[in-house]
Amino acid sequence: MTAQLIDGKAIAQQVREQVAAEVARRTAAGKSRPTLATVLVGDRVDSATYVRAKRKACEELGMGSVHHHLPADVSQEELEKLIKSLNRSKKVNGILVQLPLPAHLDEERILSLISIEKDVDGFSPLNIGRLAQKGREPLFVPCTPFGCIYLLEQSGVKIEGANAVVLGRSNIVGMPAALLLIGKNATVTVCHSRTRDLPGVVRQADILIAAIGKAEFVRGEWIKPGAAVIDVGINSKPDETKKSGYRLVGDVNFDEAKEVAGWITPVPGGVGPMTIAMLMKNTLRAAEIQQ
Ligand code: NDP
């Protein structure tokens, strides 16, 4: 292996410890505990697992959390009413609506209703708009892309002037990751399902962020020697040696890429742990902004 492994688990733990220490300082000074409101609509097992992990992190870091679980057939009006009351609540600093919402709900409208000061997921059009504008700062950066950039910076990867390639243009990962890299003065190419000659484009990348949701899609021979590879993908692959019958792999063929890259994140244990750590950081920031 030539690549330096970027240990997302360890870096996320450092972020969590910093947040916990700051929360303890705040509460010792008589300030309120930063509190996250989680909103879960319906009974998707994966969404319920993510929300549980977020609430558990709040507890572990000394923060508060309040949970609202609504039935899958909740009306748009009811959900909007809840968001508005959370916007007004003095006890709530951050609001997280777990995505995806059931198809009958207008997700864009719900996200745009969240007060910008409480938008700890960073998905409100106002925050994304600010991220996209030169010289403007969003109040909150979406957690997974924030985690990707944090991993690069902590690993000493130079972003300014680098050729960065982002695979995927989703609202929650690819596009905000590309905007963040532009803001840090990288030259950015965003690829998607209609991109021609993907291997050729990837070969130009000093920094590669892969977020397409296709198991081990990026091959080692596509990687520029010495590049930094951040693998956001979480895919399950059949594996008879595991009790569960599968294992998690990223969007990059790790075994091949680690022989060529300069830095690489593993899956699991790379970007995954950073998402919740950055959500906790954002929730603390929300409490500080609102103070
Ligand atoms: P989406 O499905 O929303 O977006 C996938 C993107 O990849 C789209 O832009 C799509 O292009 C592009 N794409 C799909 N196939 C190809 C292809 N063959 N070649 C080039 N581009 C392609 O996914 P998400 O952004 O939500 O998630 C991406 C991955 O990241 C998933 O594995 C997900 O599980 C993981 N993830 C991990 C998180 C973490 O905490 N670590 C958090 C969030 C996601 P087009 O726009 O043209 O359709």
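Residue indices follow the written sequence of each chain, beginning from 1 at its first position. In keeping with the predicted nature of the model, local features appear solely for residues at pLDDT of at least 70, side-chain atom pairs appear and are counted solely at 80 or more, and the whole-chain, interface and lining totals rest on all residues. Computation of side-chain values covers all heavy atoms of the structure but excludes hydrogens and water.

Boundaries between domains were set according to an automatic or database domain assignment. Splitting the protein by domain gives domain 1 (31-116) and domain 2 (142-272). The centre of domain 1, based on its C-alpha atoms, is set 29 Å off from the matching centre of domain 2.

Secondary structure elements are defined from DSSP: runs of H or I of at least 4 residues count as helices, runs of E of at least 2 residues count as strands, and each element is numbered from the N terminus. Under the convention used throughout, the expected extent of a helix is 1.5 Å for every residue step, that is, one less than its residue count. Its 16 residues give helix α2 (residues 45-60) an end-to-end C-alpha distance of 22 Å, which sits within 8% of 22 Å, the value for a rise of 1.5 Å per residue. For α2, the full list of buried residues reads S47, V51, K54, A57 and C58. Axial view of α2: buried residues confined to an arc of 120°, hence all on one face. Away from its buried face, by an angle of more than 90 degrees, α2 presents the exposed residues V45, R52, K56 and E59. Of the residues flanking the end of α2, it is G62, one or two places downstream, whose phi is positive at about 85°. Only protein chains enter the accessibility calculation, which uses a 1.4 Å probe; a residue is then buried when its area is under 20% of its type maximum, exposed when over 50%, and partly exposed in between. Our arc is simply the arc of the directions from the helix axis toward the C-beta atoms.

Below, the discussion takes up the sheet that holds strand β6 (residues 187-191). Strand pairing is assigned whenever DSSP detects at least two bridges linking the two strands. The strand order across the open sheet built from six strands is β1-β11-β8-β7-β5-β6, with neighbouring strands paired in parallel fashion. The open sheet has two edge strands with one neighbour each: β1 (4-5) and β6. Pairing between strand β8 (residues 228-231) and strand β11 (residues 263-264): two bridges, direction parallel. Opposite A228, over in β11, you have W263 as the bridge partner.

A word on helix α6 (residues 143-154). When the terminal C-alpha atoms of α6 are compared, their 16 Å separation across twelve residues agrees well with the 16 Å that a helix rising 1.5 Å per residue should span. Most of α6 sits out of view: nine of its twelve residues are buried. Listing the buried residues of α6 in full gives C143, T144, P145, G147, C148, I149, Y150, L151 and L152. At the C-terminal side of α6, G156 shows a positive phi close to 80°.

What follows concerns the site of the ligand. Close to the ligand lie 21 residues; R169, S170, S193, I234 and T275 are nearest. By the criterion applied in these results, polar contacts are pairs of N or O atoms within 3.5 Å in which, for protein atoms, one can donate a hydrogen and the other can accept it, and in which residues neighboring in sequence qualify only through two side-chain atoms. S170 is positioned with one of its side-chain polar atoms (N or O) 2.5 Å from an oxygen atom of the ligand. I234 is positioned such that a nitrogen or oxygen atom in its backbone is 3.0 Å from an oxygen atom of the ligand. Expressed as a share of its isolated accessible area of 930 Å², the protein-covered part of the ligand is 71%. Nearness here has a simple test: a residue counts as near a molecule or strand if at least one of its heavy atoms is within 4 Å of that partner. Computed by Shrake-Rupley with a 1.4 Å probe, the accessible areas treat only the displayed protein chains as cover when residues are assessed.

To continue, consider the packing of α6 against helix α10 (residues 272-290). Whenever a helix is involved, its axis is fitted only over the stretch in contact; in every case the axis is a line through C-alpha atoms, and angles between N-to-C directions fall within 0 to 180 degrees. Interaxial distance between α6 and α10 falls to 8 Å at its minimum, and their mutual angle equals 105°. Looking at the two axes, α6 sits roughly perpendicular to α10. The segment α6 lies against α10, with C143, T144, F146, G147, Y150 and L151 engaging M274, T275, M278, L279, K281 and N282. Polar here means any residue outside two lists: the nonpolar Ala, Val, Leu, Ile, Met, Phe, Trp, Tyr, Cys and Pro, and the charged Asp, Glu, Lys and Arg; Gly therefore counts as polar. A per-class count over the contact of α6 with α10 returns seven nonpolar, four polar and one charged. These descriptions rest on fixed angle ranges, namely under 35 degrees for roughly parallel, over 145 for roughly antiparallel, 65 to 115 for roughly perpendicular, and the rest for oblique. Working rule for contacts: check all heavy atoms of both residues, and any pair within 4.5 Å makes them a contact.

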